[in-house]
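Below are the chains, spelled out letter by letter.
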Amino acid sequence: MPILVGWPKGAVKYLQQRFDIERWQMRGASAGALVATLAACNVNSEVAFESAHRLSVENKLFERPLGLAGVWGSIVRQWLEDILPANAADKCRGRLKLVVTDIRGFQLAYIDDFATKDEVIDANLASAHIPFFLDGRPFASFRNKLYIDGSVTDFLYYDNSELLKCNGDAFILDYTQDELLSTTRLDFVKLRNPEEIKHLIDAGYAYAQRMDDTGVLMQYFGGAGSLQSPNVWEDVRKEQEAVVTFSADGKERLGPLGTTSRAVLDEDIPAGGAFYCTPCSRYFLSDHALSEHSRTKPHKRRLKELGGARPHNQRDAELAAGMGAPDNGQKAKPVEMES
């Protein structure tokens, strides 16, 4: 699996945990098209990783002198066939646009109409088609039209295309913008071993987390779709004592009172859920990351919000609309009669 799949997959994983992205519009080019498709279909990251690793071993990629060259296309096709749901076309239609380069005039275009799961896969392979490298062929075909990789102009101009930028309204996941990742655009086809891929996924996750800490994500998405716990106002006021909870296998887990007392260590959660910020309802990769987060302005603003009056909730709305529990006044005390 190359960097272009590992790093953005980690970033998307953070967004999925932080926001409800079910209705988000998504764009993708090249391997970014693969990641956008997996996100649109809500494919589990661990399932995708295990499938990619299995196919790499079965095809002896790590033993090939040329690595992915000439065989990447067939492996990606099999990978997508394995992990995409049967209704992938329905999940992608209307919210996913894949960028391709039409060889007629060398113009960028969207593919956004998918009739079947196979067409979703074909469109992804067209968007990621590096001439000759992917499968030995110069072009990819989709509905009798010929295309090549949708990020060709990105490499020519070292910038993302306008079809991805959406006039500045899109939040773009681009691994070259990660200042902590020492890679270049030419590293995108390098084959990575499982440990390197896990590192890249963590790096992508940490990048999205940093963007959140600096307020960038809120500029694009605001509070809409935030997956913060509805009980966080009460939770943050509880004394954060260590309590024992139990997982399905009967093992003891330690966690703070409140929201996380109902959670167990989960491999799909960063660090198994061990480092959790109750006010912000967010998980972190390490104690250091949690400590750094506690000094950020978004965290301090959240503490200030929670320190005020209890926020308006559903019960308040029902009372205001006259749908709350009836108020019949104070019950009269029974009168004792002397005999």
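Residues numbered from 1 in each chain as written. Predicted model: local features only at pLDDT ≥ 70, side-chain atom pairs only at ≥ 80, totals over all residues. Heavy atoms only, no water.

The protein chain is annotated in an unreviewed UniProt entry as Patatin from Coccomyxa subellipsoidea. UniProt annotates the protein chain under Function (unreviewed entry) with the comment "Lipolytic acyl hydrolase (LAH)." Recorded under Sequence similarities (unreviewed entry), the UniProt text for the protein chain is reproduced unchanged: "Belongs to the patatin family." (UniProt positions renumbered as here; feature names shortened; annotations may be inferred.)

Asker: Can you help me understand the packing of helix α4 (residues 72–83) against helix α6 (residues 117–127) in this one?
Answerer: Two measures define how a pair of helices packs: the angle their axes make with one another and the distance between the axes. Contact pair α4 / α6: the axes reach a minimum separation of 10 Å and the direction vectors enclose 145°. For α4 against α6, the interelement crossing comes out right-handed. Counted together, Gly 73, Val 76, Arg 77, Leu 80 and Glu 81 of α4 and Lys 117, Ile 121, Asp 122, Asn 124 and Leu 125 of α6 form the full contact between these two elements. Each residue belonging to the contact of α4 with α6 can be placed in one class, and the counts come to four nonpolar, two polar and four charged. (Axes fitted to C-alpha atoms, helices over the stretch in contact; angles between N-to-C directions. Helix = DSSP H or I, 4+ residues; strand = E, 2+ residues; numbered from the N terminus. Left-handed = near helix turned anticlockwise from the far one by under 90°. Contact = heavy atoms within 4.5 Å. Nonpolar A, V, L, I, M, F, W, Y, C, P; charged D, E, K, R; others polar.)

Asker: Can you help me understand the environment of Arg 143 in this one?
Answerer: Its location among the elements puts Arg 143 in the loop between β4 (140–142) and β5 (145–148). In the structure, Arg 143 is positioned 21 residues away from Asp 122 in sequence and 9.1 Å away in space, judged by C-alpha atoms. When residues no more than four places from it in sequence are discounted, the contact partners of Arg 143 are Asp 113, Phe 114, Ala 115 and Glu 119. In this structure the side chain of Arg 143 is engaged in a polar contact, spanning 2.5 Å, whose partner is the side chain of Glu 119. (Polar contact = N/O pair within 3.5 Å; in protein donor to acceptor, adjacent residues only side chain to side chain.)

Asker: How do you make sense of the packing of aromatic side chains when you look at a structure like this?
Answerer: Aromatic rings considered in pairs are described by the distance between their centres and by the relative angle of their planes. Scanning the model with the defined rule gives four aromatic pairs in all. Judged by centre distance (5.1 Å) and plane angle (50°), the ring pair of Trp 7 and Tyr 207 falls under tilted. With Trp 7 in helix α1 (residues 3–18) and Tyr 207 in helix α9 (residues 194–213), this residue pair connects regions lying 200 residues apart in the sequence. The burial state of Trp 7 is the same as that of Tyr 207; both residues are buried. Consider the rings of Phe 19 and Trp 24, whose centres lie 5.7 Å apart with planes at 45°: the pair is tilted. Across this residue pair, the class does not change: Phe 19 and Trp 24 are buried. (Phe/Tyr/Trp six-rings, centres within 6.5 Å; stacked < 30°, edge-to-face > 60°. Buried < 20%, exposed > 50% of the residue type's maximum accessible area, 1.4 Å probe, protein only.)

Asker: Explain the UniProt feature "active site" (unreviewed entry) in the protein chain here, please?
Answerer: Mapped onto this numbering, the UniProt entry annotates "active site" (unreviewed entry) at Ser 30 and Asp 149. In three dimensions, the annotated residues from a span of 120 residues occupy one location, with a maximal C-alpha spread of 5.6 Å. When you line up the elements, Ser 30 lands in the loop between β1 (26–29) and α2 (31–40). By the element assignment, Asp 149 lies in the loop between β5 and α7 (152–157). Overall, the relative accessible area of 4% leaves Asp 149 in the buried class. Leaving out residues up to four positions away in the same chain, Asp 149 has contacts with Ser 30, Thr 101, Ala 126, Ser 127, Ala 128, His 129 and Ile 130. There is a polar contact of 2.7 Å between the side chain of Asp 149 and the side chain of Ser 30.

Asker: Help me understand the pattern of salt bridges, please; the structure alone is not making it clear to me.
Answerer: Opposite charge on two side chains permits pairing when their charged atoms draw close. Enumeration according to the criterion identifies 13 salt bridges in this entry. In this structure, Asp 90 and Arg 93 form a salt bridge, with 3.0 Å as the shortest nitrogen-oxygen distance. Classification of Arg 93 as partly exposed rests on a relative accessible area of 36%. Linking Lys 97 and Asp 112 is a salt bridge whose minimum nitrogen-to-oxygen distance equals 2.7 Å. Of this pair, Lys 97 sits in strand β2 (residues 96–102) while Asp 112 sits in the loop between β3 (107–111) and α6, and the two are 15 residues apart along the sequence. A relative accessible area of 32% means that Asp 112 is categorised as partly exposed. Among the charged side chains, a network of salt bridges with common partners joins Arg 54, Glu 58 and Asp 82. (Salt bridge = Lys/Arg side-chain N within 4 Å of Asp/Glu carboxyl O.)

Asker: I'm lost on the confidence of the model for the protein chain in this one. Help?
Answerer: Predicted coordinates in areas of low pLDDT are best not read in detail. When the pLDDT values of the protein chain are averaged, the result is 77; 74% of them are 70 or greater. The least confident element of the protein chain is strand β6 (residues 242–246), whose mean pLDDT is 45; the most confident is α6, at 97. Within the model, the stretch residues 229–248 combines pLDDT values under 50 with 53 contacts to residues more than four positions away or in other chains. Here residues 251–263 is a poorly scored stretch, pLDDT under 50, and it has 36 contacts once near neighbours within four places are set aside; other chains count. (pLDDT = per-residue confidence, 0-100.)

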